[in-house]
Structure formats: structure tokens, C-alpha cells
Amino acid sequence: DWPETGRLALYLLGLRATCPPPEPGHQRSLVTWLKYYLEEDWAGSRRHGRPLTSYYEYSLGILALCVHRKRVREEVIRRLLAAEHHGRFRPAGGSAVDTEAVAALAFTCLERERLVGSRLATELRAAQHALRRRVVEAQGPDGFFGNVYSTPWAMQVFISTKTCQKQPAYSRAMAALLENLDAFSTTATMAQLLPVLHGRSYLDIASMRCWEELNTLKPISPAPLPEMPAGNMTVRLLVECPLPECPQHQLYDQMVSVPIGAYLLDVLKAATAQEPPDFTFDIQDTPQGPFLSRVLGLEAQQQKRSYWQLLSAPSTNLQMGVAEYRPRDGETLILRLSEW
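Everything quoted here is computed from the prediction, not taken from an experiment.

The rules behind the values
Residues numbered from 1 in each chain as written. Predicted model: local features only at pLDDT ≥ 70, side-chain atom pairs only at ≥ 80, totals over all residues. Heavy atoms only, no water. Core = buried A, V, L, I, M, F, W, Y, C linked by side-chain atoms within 4.5 Å. Buried < 20%, exposed > 50% of the residue type's maximum accessible area, 1.4 Å probe, protein only. Helix = DSSP H or I, 4+ residues; strand = E, 2+ residues; numbered from the N terminus. Contact = heavy atoms within 4.5 Å. Disulfide = S-S within 2.5 Å. Arc of directions from axis to C-beta. UniProt positions renumbered as here; feature names shortened; annotations may be inferred.

1. Here we look at the nonpolar core
Now for step 1: Core analysis: the biggest nonpolar cluster contains 50 residues, and Leu12, Ile62, Leu63, Leu80, Leu110, Leu124 and Trp153 have the highest contact counts within it.
Now for step 2: Among the elements of the structure, α1 (5-17), α2 (24-42), α4 (55-67), α5 (74-85), α6 (97-112), α7 (118-137) and α8 (151-160) are those that each provide at least two residues to this core.
Now for step 3: Residue contributions to this core peak at 10 residues, all from α4.
Now for step 4: Those residues in contact with leucine 124, other than ones at most four positions away along the chain, are Ile77, Leu81, Phe107, Leu110 and Val116.

Spelled out as C-alpha cells, the structure:
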């Protein structure tokens, strides 16, 4: 029953990019569903003052419709404009570069494809400039805009507005990405990175001439994966809940033994098999890979703006998900129920 705004938006973007044979009935149906999800998504504003999913998914929905050159009701666009104007994208003291970047791409697309009137186009242009400025301000010493995964989204903003040559922050981000390509190991993250490496953005999908596209995809034999050294390693697993609803701050503290080269997800699975069997967790499949949704019976709930934060002690945010991060021997991993 939950609106599938983001998932359907990504599917429609991918569908347009693959230049499929014309199936007007099928695509019209998907577009209609996405428009419906955008309206259902905003029904959450009556109670929470924001979309039921997130501003990220809401922005993706508008972007996907624009790339398909479908008009969006002005009220739908103005909801996103109002959120940008009042600074609702960013949590208190936090960063939301990916949301700001997707919203900027959506605004740029609507203006470029002339899907709005001149007055609204002027407002969209001003909002896009403001968002681009915030993205630059979010660049850290490591060169990333926010983190490694939000950086490709941010770079697409500069590409789509043809400002990458004028922006030194873009060059620093590209250098940082090229040094961290191994972080992009899922289909969804690679789909965000690859256009940037070729100097393209998702907005270029709208102007593709499918009849001129060459079929250059050729199957290749994958290179063999490097062998991991044999043996086990031990990591310390902590579960923390500093929120008011948790009577105890630290809920779990155990050493866990796993094979060398194991992923964080393997650590969690090994913890459930240990004695005493008091560790539990659940994951949710998302386009970005497995998402940690519940630990020790405590659920991360989007309605309550809570999530399970992954850290390496004492306070380093992991830049990868549970299925991508490989802990080091002796490392302390922290699962912390946090609010955004």
C-alpha cells in the first residue's frame, strides 16, 4: 500500500535509457501510475507535513516524468519548490546532498523541456541555483559532496547546467570518485556513476535519438575475483539506541568471528548464530541493495524519521551498505538507531 514513487521513477528512467521498442500502452500505464503515486505520496503531508516516502523519491518522480516529457500539475511542482524554499530537504544539522541534487535535476529538466510557464520557470531557475550553491558548500575535505554515493548525483547537476568547467569543486569530486570506484558495487549505484564518468546526466536521456543509437553492448568474460586469505577474524559488534524510547543506551556488545574478507552482512548473520541466540535483524531489499530495517526488534521507521546508522568506532560513518562494507580484523562496528 506504500507509494512506490522512487522505484517506479528509477524504472521509467532506465526504460527510457534502453531505447525499448515502442509500447505506448505499457509506458502510458506506468506514467499514469507514477502520477498517481506522486499524489498518494503527498497525502502524507496532511499528517506529517512531508511526503510519505521522502523528498528524494518525490523529486525522482518529477524527474522521471519530465525525462519522458510528460507534464506535471503545477501544484505538484510547487510542493517541491516550497520544500526547497523553507529548507525542508536537510535534517537538522545533517546533509541531504542526494535529495538536493535530484530536486535540482528535476527543476532543470522542467525548465529545459519547457514543460512549465515562464513565471514558474524563473522560480525553478532560482531554486536550482540555490540548490547548486548548497551542494558546493557540502563538499568535504575528501572531495565528496556529502558522501561517496551522493557525489555522482551532485556532479550530474553541474553537467546538466554546463557549469562543471567553471566549478573547481567538480574537478576535486571527480578525482575523489576515480580513487573510490570500488565503492560502487550495486547496479543502482553504478547507474548513477557511469553517466558522470562519460560527462552525461540523466537529463540527456530525454534528448536521446533512439534510432541513431548503436548496439555496442558485447558480453565479456568476467575477470576472476581475487582470492581472500584463509582464516577467521574477530570484530566487535555494538548496538546502540540513544533515542528516548530506548531505556538502555547500549543494547548489545559481543565479539563475532567471521571469515577474513566477510561483509558486514555476514557479521550480522554470524551474530544470530552465536550463543546465546539473542541477536536478531531484518533487511529490506531496495534498488540500492539490502537496507538494515530492524535490529533486536527495533524498527527504523520512515514516518518517525529514524534509521539504523552504520559506524566504525568511535564515530566514522560507513560509506557503504551492509552488503558492501568489509570490516577489518579487530574493528568495532556500531549499529545506532538514529533520527534524520
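Alright, that's what it looks like, and here's the rest.
2. Examining the side chain of arginine 132
Now for step 1: As for its placement among the helices and strands, arginine 132 is situated in helix α7.
Now for step 2: The residues touching arginine 132, leaving out its near neighbours within four places in the chain, are Val157, Phe158, Thr161 and Thr163.

3. Topic: the state of the cysteines
Now for step 1: All told, the structure shown has one disulfide when counted by the stated rule.
Now for step 2: Each disulfide pairs two cysteine sulfurs, and for cysteine 66 the partner residue is cysteine 109, the sulfurs being separated by 2.1 Å. Linking cysteine 66 and cysteine 109, the disulfide has an S-S dihedral of approximately -100° and is accordingly described as left-handed. Taken as a pair, cysteine 66 in helix α4 and cysteine 109 in helix α6 lie far apart in primary sequence, 43 residues in all. Accessibility classification places cysteine 66 together with cysteine 109 in one group, the buried group.

4. Observations regarding helix α9 (residues 168-178)
Now for step 1: Listed in full, the buried residues belonging to α9 are Ala169, Tyr170, Ala173, Met174, Ala176 and Leu177. One face of α9 carries all of its buried residues, which in axial projection span an arc of 160°.
Now for step 2: In this fold, the buried residues of α9 make contact with α7, α8 and α10 (187-197).

5. A few points about the UniProt feature "binding site: cyanocob(III)alamin" (unreviewed entry) in the chain
Now for step 1: The UniProt feature table records "binding site: cyanocob(III)alamin" (unreviewed entry) at Asp98, Asn147, Gln192, Trp308, Gln309, Leu310, Leu318 and Trp340.
Now for step 2: Here glutamine 192 is to be found in helix α10.
Now for step 3: Accessibility expressed as a relative area gives 5% for glutamine 192, which makes it buried.
Now for step 4: Within the secondary structure layout, leucine 310 lies in strand β6 (residues 306-312).
Now for step 5: On the accessibility criterion, leucine 310 (12% relative accessible area) is buried.
Now for step 6: With near-sequence residues (within four places) excluded, leucine 310 lies in contact with Leu264, Leu292, Thr316, Asn317, Leu318, Met320, Gly321, Val322, Ile334 and Leu335.

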